[in-house]
Amino acid sequence: MTPAAPATSSRDLPHPAREEIRLEGVLHALADPMRLRIVRELAAESDELSCSHFVLPVTKSTTTHHFRVLRESGVIRQCYRGTAKMNGLRRDDLDGLFPGLLDAILAAAARQAAGPADG
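Residues numbered from 1 in each chain as written. Predicted model: local features only at pLDDT ≥ 70, side-chain atom pairs only at ≥ 80, totals over all residues. Heavy atoms only, no water.

(A) Expanded view of the pattern of salt bridges. For the structure on display, the rule yields 7 salt bridges. Linking Arg22 and Glu24 is a salt bridge whose minimum nitrogen-to-oxygen distance equals 3.3 Å. A relative accessible area of 43% means that Arg22 is categorised as partly exposed. (Salt bridge = Lys/Arg side-chain N within 4 Å of Asp/Glu carboxyl O. Buried < 20%, exposed > 50% of the residue type's maximum accessible area, 1.4 Å probe, protein only.)

Following this line, the structure appears as structure tokens:
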């Protein structure tokens, strides 16, 4: 995977350009249950969410790691607004590069979270 572009200041976070986002990196990022949970929450919102919005059953350092993996793979965009680190899903980039992939993964995750189908 191509390394993310260097940050220009200590508060600018490196993100891959759209053309640098790789399918294997996106799939790796979304394969983890905690990262998929973050993406599902972001997809359910129409706006960015701060890191403090997410209540995950892991340590703060592990949560930070999950956000970094999502950012470096191109799944989310992070930026500072004041002291808050805001997170947004890069849906336009992902849909443009991999049409239908994000929707299919989110739908499958929702079905899985709902439990086994009666039948």
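Having seen the model, we can carry on.
(B) Inspection of the packing of helix α2 (residues 33-44) against helix α5 (residues 101-114) at higher detail. For the pair α2 and α5, the least separation of the axes is 11 Å and the interaxial angle reads 105 degrees. Put simply, α2 runs roughly perpendicular to α5. Together, Leu36, Val39, Arg40 and Ala43 of α2 and Leu102, Ile105, Leu106, Ala109, Ala110 and Ala113 of α5 make up the contact between the two elements. Looking at the contact of α2 with α5, its residues break down into 9 nonpolar, no polar and 1 charged. (Axes fitted to C-alpha atoms, helices over the stretch in contact; angles between N-to-C directions. Helix = DSSP H or I, 4+ residues; strand = E, 2+ residues; numbered from the N terminus. Parallel < 35°, antiparallel > 145°, perpendicular 65-115°, else oblique. Contact = heavy atoms within 4.5 Å. Nonpolar A, V, L, I, M, F, W, Y, C, P; charged D, E, K, R; others polar.)

(C) Layout of the pairing of strand β2 (residues 76-81). In terms of strand pairing, β2 meets strand β3 (residues 84-89) through 6 bridges, oriented antiparallel. In the strand pairing of β3, Gln78 is matched with Asn87. A loop of 2 residues connects β2 with β3, the two strands running antiparallel in sequence, and Gly82 in this loop sits at a positive phi of about 65 degrees. (Pairing = 2+ DSSP bridges.)

Honestly, it's all geometry; don't read function into it.
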